[in-house]
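# Examination of the molecular architecture
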Amino acid sequence: MRPIDMPRETAIKEFWDGMREVADAAARHRDDDLYKSLRKIGRAVVLRGVQIPGGGLFVPCPACNAVPGQSCINVPAHPLDAELHPERVELAEKAIAGEVKIPVHEMPAS
C-alpha cells in the first residue's frame, strides 16, 4: 500500500473541516453519540500534538456546558451575543497558547 502524500498542514486542515462537518451533523440530528465521538477524537489528536483550531468550537464551554462541537446556548448571567460564549473562546485561546490544558468534559446525562 502506498502512503498518502499530503502535507501535514493540509491534513490537519482537512481533519478539522471533517470535525466541523460531524459537529454540524450532530446538531442537525441532535445526536449525543456524535458529540461523544467528537470529544474522543478531538482529545486523542490534541494529545498527539495536533493543535485545535481557533474559535473555541472544539473545547467545552465553561459558561453553558456545551460539549466540543456543540453550539453554545443562552444561560442566566451568560447571554449569547455571538455563536460561542466569550469564556469558551478565551479557553480555546489559552489552550492554543499552551497556558491551560483543555478540561476533560463529560457528556451530560440524557
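Whatever comes next refers back to the structure up there.
One structure accompanies this document, and this report is about it. It should be emphasised that the depicted structure is a prediction, and the values quoted were computed from it without experimental measurement.

Definitions and cut-offs
- Starting from 1, residues in each chain are numbered consecutively following that chain's sequence as written.
- The predicted nature of this model means local features are confined to residues of pLDDT at least 70 and side-chain atom pairs, given and counted, to a pLDDT of 80 or more, with totals for whole chains, interfaces and linings taken over all residues.
- Excluded from the side-chain calculations are hydrogens and water; all other atoms, namely the structure's heavy atoms, are used.
- Under the DSSP-based scheme used, a helix requires at least four consecutive residues in state H or I and a strand at least two consecutive residues in state E, with every element numbered from the N terminus.
- Only C-alpha atoms enter the radius of gyration, while the globule expectation follows 2.2 Å times N to the 0.38, with N the number of residues.
- When a residue's accessible area, from a 1.4 Å probe over protein chains only, is under 20% of the maximum for its type it is buried; when over 50% it is exposed; and in between it is partly exposed.
- The contact rule is simple, with two residues in contact once any of their heavy atoms fall within 4.5 Å.
- Here Asp and Glu are counted as negative and Lys and Arg as positive; His is not counted, and neither are the chain ends.
- Just so you know, the charge point we use is NZ for Lys, CZ for Arg, CG for Asp and CD for Glu.
- In this analysis, rings of Phe, Tyr and Trp, with Trp reduced to its six-membered ring, are considered paired at centre separations within 6.5 Å, and the interplanar angle assigns stacked below 30 degrees, edge-to-face beyond 60, and tilted for intermediate values.

## Considering the overall build of the protein
Looking only at helices and strands, one finds 3 helices and 0 strands in the protein. For 110 residues, the compact-globule estimate of 2.2 N^0.38 gives 13 Å, and the protein sits close to it at 15 Å. When burial is assessed residue by residue, the protein has 31% of its 110 residues classed as buried. Across the protein, every contact between residues at least 6 apart in sequence was considered, and the portion connecting residues at least 24 apart equals 55%. Here the protein holds 14 positive side-chain charges and 16 negative ones, and the gap between their average locations is 6 Å.

## Points about unusual backbone geometry
With phi around 65°, Asn65 is a residue other than glycine that occupies positive phi space. Positionally, Asn65 belongs in the loop between helix H2 (32–47) and helix H3 (86–96).

## Some points on the packing of aromatic side chains
Applying the stated criterion to the full structure yields 2 aromatic pairs. Centre to centre, the rings of Phe15 and Trp16 are 4.9 Å apart; their planes meet at 80°, and the pair counts as edge-to-face. With a relative accessible area of 4%, Trp16 lands in the buried category. Members of the aromatic cluster, joined through ring pairs, are Phe15, Trp16 and Phe58.

Scope: geometric values only; no functional claims are made or implied.
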